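Summary of structural features
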Amino acid sequence: MLQLQNIIFKVPASDSGKEPQSEQTIINDVSFTFEQGGFYAITGPNGSGKTTIAKLIMGINALTQGKIIFNGKDITSLPINERSNAGIVYGFQHPARFKGTTFRDLLSISLGSDDEEKLVNIISRVGVCSMDFLDKPVDSKLSGGEIKKIELATVIARNPKVAIYDEPDTGIDLWTIGPMVDLLKREQKENNTTTIVVSHNKTFLEAADTLLLIKKGKIAYTGDLAGAMPMLEDLSVCTFDELCQGENDAQCYR
Ligand SMILES: Nc1ncnc2c1ncn2[C@@H]1O[C@H](COP(=O)(O)OP(=O)(O)O)[C@@H](O)[C@H]1O
Ligand SMILES: [Mg+2]
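Residues numbered from 1 in each chain as written. Chains lettered and ligands numbered in written order. Predicted model: local features only at pLDDT ≥ 70, side-chain atom pairs only at ≥ 80, totals over all residues.

**Description of the sheet that holds strand β4 (residues 65–70)**
The condition is simple: Strands pair, by our definition, only if DSSP identifies at least two bridges between them. Secondary structure elements follow DSSP: runs of H or I of four or more residues count as helices, runs of E of two or more count as strands, with numbering from the N terminus. Here the contact rule is simple: place C-beta atoms from the backbone, and any two residues whose C-beta atoms are within 7 Å are in contact. Every angle, taken between N-to-C directions, lies between 0 and 180 degrees, and every axis is a line fitted to C-alpha atoms, over only the stretch in contact when it is a helix.
With antiparallel pairing, the four strands of this open sheet are ordered in space as β2-β1-β4-β5. Sheet topology places β2 (23–34) and β5 (73–74) at the edges, where each strand pairs with a single neighbour. For strand β1 (residues 2–12) and β4, the ladder comprises five bridges, and the chain directions are antiparallel. When the bridges of β4 are listed, Ile8 appears paired with Gln65. On the sheet, helix α2 (residues 50–58) packs against β1, β2 and β4 and is oriented at approximately 65° with respect to β2.

Pasting the structure below:
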């Protein structure tokens, strides 16, 4: 359904800060097929290339080599807006805040309508129970959890065929993660949305049908969480420790 065919992404060395090579390979020959309606988690150490893969799918970065095929059509050279119109939607790790804009404004743009009933339908799907929330300004006063709800709502409102969420658990508390996973699972099941979540969070990794472990710009493993565990534990020695707050941090999958 969404096929990555031998994708390669290189940057000039001056951009990556690494000398003396003339270029740095960020994504190194990745091939994978995301099936319609599947729930995928992409995990791996910081800097391994997870966000870059998401941006290549979305067209924010252009491939150096390889192809991306979506429902049989080569979308490799399509710009972001055309990929978005085709149903590929990306939720940012750090959503933008817009002074002077309300949640209602943003949601209406994503929906393509300001119909009250449609807006209520979307906010109830992301677990917002108060209509007042619609008129909140999307500015720096929002909490991490609130801005994430807004981001999820704007993705869902676009009725995506493929929804890509980059670390949707960033900045939200432990108690919000379970409901967020349930929400994305419900959207996946009810709308057959292919859901791709970049995350280190155990709850997301457990929720996924298939897990992709990225190491140094390559796929080091694809399969279920049980099969990935030895490799994740291996990585935790040097990398995942840095991501965990402490021994008892339940978000950490040690
Ligand atoms: N456009 C770019 N120019 C230079 N370096 C980049 C660019 N995009 C990503 N990188 C580098 O590629 C590596 C992978 O980045 P990223 O995909 O954001 O990692 P992850 O999301 O796995 O933490 C990092 O070292 C990052 O600095
Ligand atoms: Mg990232």
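**A few points about unusual backbone geometry**
Look at Asp29: it is not a glycine, yet its phi comes out positive at around 65°. Following the sequence through the fold, Asp29 ends up in strand β2.

**Notes on the sheet that holds strand β8 (residues 194–198)**
If you walk across this open sheet you meet the six strands as β6-β7-β8-β3-β9-β10, and the pairing is mixed. Edge positions in the sheet fall to β6 (88–91) and β10 (218–223), since each has one partner strand and no second. In this sheet, adjacent strand axes meet at a mean angle of 15° when their direction is disregarded. Sheet topology places strand β7 (residues 162–166) next to β8; five bridges connect them, and they run parallel. Bridged to Val162 within β8 is Thr194. The sheet strands contacting α2 are β3 (39–43), β6, β7, β8 and β9 (210–215), and the helix crosses β7 at an angle near 150°.

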